[in-house]
Amino acid sequence: MERTFLAVKPDGVQRGLVGEIIRRFEDKGFTLIGLKFMKVNRELAEQHYDVHRERPFFAGLVSFITSGPVVVMVWEGEGVVAAARKIIGATNPLSAEPGTIRGDFGINIGRNLIHGSDAIETAQREISLWFQEEELVSWEPSITPWLHE
Ligand code: DAT
Ligand code: MG
């Protein structure tokens, strides 16, 4: 089953949006299979954003993501990687559509509230970077027959 990695960034935690953000993925019908509340160290932050290492915003991004606690999660479901990106919205919250998380709650690209994996392979890499296999819980929600034909 497809999985994605999501992280409520320090701004989302500080603004009290953890519940709201989790709500949106629960409401959609995806399944939470891993969750941790943690302060990120520099090494992990740099590995996570390795693809952006040469970008001018890299240093600011790493210092922001390590500035306060984050909520990291793994969600499971059919098409969850692309669907989560839609629920999250465009990278710049000012361009993100209303109805998306970034579109509803953000105004600045450096404070865009949530991270979501951008492809299935990226998701696999990020899940194994942030979670041990035994921290992920396989379970069958009892509502499954009401979500799937
Ligand atoms: P996304 O988080 O939508 O996958 P990304 O992978 O291109 O976006 O960039 C990672 C994060 O880096 C993004 O959430 C916010 C920050 N970022 C991206 N582009 C930026 C820019 N031009 N200026 C400042 N921060 C930026
Ligand atoms: Mg990205």
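Before reading on, note that the structure itself is shown above.
Conventions and cut-offs
- Residues numbered from 1 in each chain as written.
- Chains lettered and ligands numbered in written order.
- Predicted model: local features only at pLDDT ≥ 70, side-chain atom pairs only at ≥ 80, totals over all residues.
- Heavy atoms only, no water.
- Buried < 20%, exposed > 50% of the residue type's maximum accessible area, 1.4 Å probe, protein only.
- Helix = DSSP H or I, 4+ residues; strand = E, 2+ residues; numbered from the N terminus.
- Arc of directions from axis to C-beta.
- Pairing = 2+ DSSP bridges.
- Axes fitted to C-alpha atoms, helices over the stretch in contact; angles between N-to-C directions.
- Contact = heavy atoms within 4.5 Å.
- Patch = residues over 30% accessible without salt bridge, like charges linked within 9 Å, V, L, I, M, F, W, Y side chains within 5 Å.
- Areas by Shrake-Rupley, 256 points an atom, 1.4 Å probe, with all protein chains shown as cover.
- Salt bridge = Lys/Arg side-chain N within 4 Å of Asp/Glu carboxyl O.
- Parallel < 35°, antiparallel > 145°, perpendicular 65-115°, else oblique.
- Left-handed = near helix turned anticlockwise from the far one by under 90°.
- Nonpolar A, V, L, I, M, F, W, Y, C, P; charged D, E, K, R; others polar.

1. A look at helix α5 (residues 80-88)
Argument step 1. Turning to α5, its buried residues are Val80, Val81, Ala83, Ala84, Ile87 and Ile88. The buried residues of α5 occupy an angular sector of 165 degrees when projected down its axis, which confines them to one face. The outward face of α5, more than 90 degrees from its buried face, is lined by the exposed residues Ala82 and Lys86.
Argument step 2. Once α5 finishes, Gly89 follows within two positions and takes phi at roughly 95 degrees, a positive value.

2. Some details on the sheet that holds strand β1 (residues 3-8)
Argument step 1. Strand order in this open sheet of four strands is β2-β3-β1-β4, and the pairing throughout is antiparallel. A strand with exactly one partner marks an edge of an open sheet, and here the two such strands are β2 (31-38) and β4 (114-116). With strand direction ignored, the average angle separating the axes of adjacent strands in the sheet is 15 degrees.
Argument step 2. Two elements, β2 and strand β3 (residues 70-76), share seven bridges in a ladder whose sense is antiparallel. Within β3, the residue paired with Phe37 across the bridge is Val71.
Argument step 3. In this fold α5 packs onto β1, β3 and β4, with an angle of close to 25 degrees to the strand it touches most, β1.
Argument step 4. Across the sheet, helix α7 (residues 120-130) is in contact with β1, β2, β3 and β4; its angle to β1 comes to roughly 60 degrees.

3. Things to note about a nonpolar patch on the surface
Argument step 1. Taken together, the side chains of Ile143, Trp146 and Leu147 define a hydrophobic patch exposed on the protein surface, amounting to about 390 Å² of accessible area.
Argument step 2. Along the polypeptide, Leu147 turns up in helix α8 (residues 144-147).
Argument step 3. The exposure class of Leu147 is partly exposed, given its relative accessible area of 41%.

4. Quick notes on the packing of helix α2 (residues 18-28) against α5
Argument step 1. Relative to each other, α2 and α5 sit at 135 degrees, their axes nearing to 11 Å. Our classification of the angle between α2 and α5 gives oblique. Relative to α5, α2 is oriented so that their crossing is right-handed. Between α2 and α5, the residues in contact are Arg24, Phe25 and Lys28 and Ala84, Ile87 and Ile88, respectively.
Argument step 2. Taken together, the residues that form the contact of α2 with α5 break down as four nonpolar, no polar and two charged.

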